[in-house]
Amino acid sequence: MTCKHFFKAVALALSLAVGAAPALAKNFTELKAAASPAGGAWYVGMGAMGKAISTMYPELDVSLFPGGGLANVMHVEKGASDFGIAAHSVIFAAAKGIDPYKKPTENVMGLLNLHDSTRMHFIVNKASGITSLAQIKEKKMPIRISMSHTAGNSYLFGKWILEEYGISQQDITAWGGKIYTPSTNDAASMMKDGQLDVALWIGPGEAFIVQDMMNSVDLDILPVDENVIKAVGEKYGLQRDVIPASFYGGKFGKDIVTVSASTELMINKNVSEDIAYKMVKAMCEKRDDIVIASPFWKSFMPEKAGQGLALPLHPGAAKYYKEKGWL
């Protein structure tokens, strides 16, 4: 049974129990959650979050909807979703109304910070001769680059970083290069078939796309210059991070300096204080169950969940964190 079907089953069971528990039926609430494409890491994680909420509070039924990092903020802003998930820097950009958003959000508030590390990877085929991101600009190299799908973090963060190097998408095509926006699996296939020089990926832990490509292609992962990291940190809230030397069987032999963004849950400001309180309480107090289902969120520490968010906390969330002495 999928997470969504599980939550719907809970809803059905409650609806059948109207005669026995009219008060419960009267107070029943459906919460719509903006996740990621079905089967993705965020979809699994949000399913675990939803199950934690519905287990502790059966009157709250969480329905998952496939989404994406950039679109989720607007789903919550417009009330199409009650809460959702996105990277810190995406929410940061939406709050300020900067690229790719046209104006600041007004209806989104902070809920919970997972304090994970979703690291940016600039993956290159060594046969391309590319040894640094700066070299692409200096030599006006006609690179064939996979930016990943346009609604994802890889695309946006990659665009921000390349622009700090003075590389626009117009430059890439003017120099004879080509920009692709395939799925992750298709990007891996293209790299293995010699159709790509560069592929972008962002996510927690060791990228499966790198593991897949390594079996067929001699790869490298390019570092991001410190001055660029500082610039994108000030503009977009990205953080300095490293891809550890121990990753990928130690193939790259050293820590690779890059950027990362933590993952946050956000909520529409019109969700009641009581419901937001219950949501945060359930997710924090069932943290271990969530991490079992989503081991990439081992970084989730309830005592820090209300800290470092891109937006002010929803009053219901703030109430719970203050009661626990975490704010």
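Residues numbered from 1 in each chain as written. Predicted model: local features only at pLDDT ≥ 70, side-chain atom pairs only at ≥ 80, totals over all residues. Heavy atoms only, no water.

By the naming in an unreviewed UniProt entry, the chain goes by TAXI family TRAP transporter solute receptor and is assigned to Bilophila wadsworthia.

J.: Could you clarify how one ought to interpret the packing of helix α7 (residues 153-164) against helix α11 (residues 226-236) in this entry?
T.: Two measures define how a pair of helices packs: the angle their axes make with one another and the distance between the axes. Axis separation between α7 and α11 bottoms out at 10 Å; the angle between their running directions is 125 degrees. Our classification of the angle between α7 and α11 gives oblique. Like other packed secondary-structure pairs, α7 and α11 cross with a definite hand, here right-handed. Note on element contacts: α11 touches α7 through V228, A231, V232, K235 and Y236, opposite W160, I161 and E164. The residue makeup of the contact of α7 with α11, split by class, is 6 nonpolar, no polar and 2 charged. (Axes fitted to C-alpha atoms, helices over the stretch in contact; angles between N-to-C directions. Helix = DSSP H or I, 4+ residues; strand = E, 2+ residues; numbered from the N terminus. Parallel < 35°, antiparallel > 145°, perpendicular 65-115°, else oblique. Left-handed = near helix turned anticlockwise from the far one by under 90°. Contact = heavy atoms within 4.5 Å. Nonpolar A, V, L, I, M, F, W, Y, C, P; charged D, E, K, R; others polar.)

J.: Would you mind showing me how to read the pattern of salt bridges here?
T.: Note that side chains of opposite charge can pair when their charged atoms are close. Under the defined criterion, the tally for this structure stands at 13 salt bridges. We note a salt bridge from E164 to K235, for which the minimum N-O separation is 2.6 Å. Separated by 71 residues along the polypeptide, E164 in helix α7 and K235 in helix α11 bring together distant segments of the chain. Its relative accessible area of 27% is what places E164 among the partly exposed residues. Residue classification places K235 among the partly exposed residues on the basis of a relative accessible area of 42%. Three or more residues joined by partner-sharing salt bridges are found here, namely E59, D274 and K278. (Salt bridge = Lys/Arg side-chain N within 4 Å of Asp/Glu carboxyl O. Buried < 20%, exposed > 50% of the residue type's maximum accessible area, 1.4 Å probe, protein only.)

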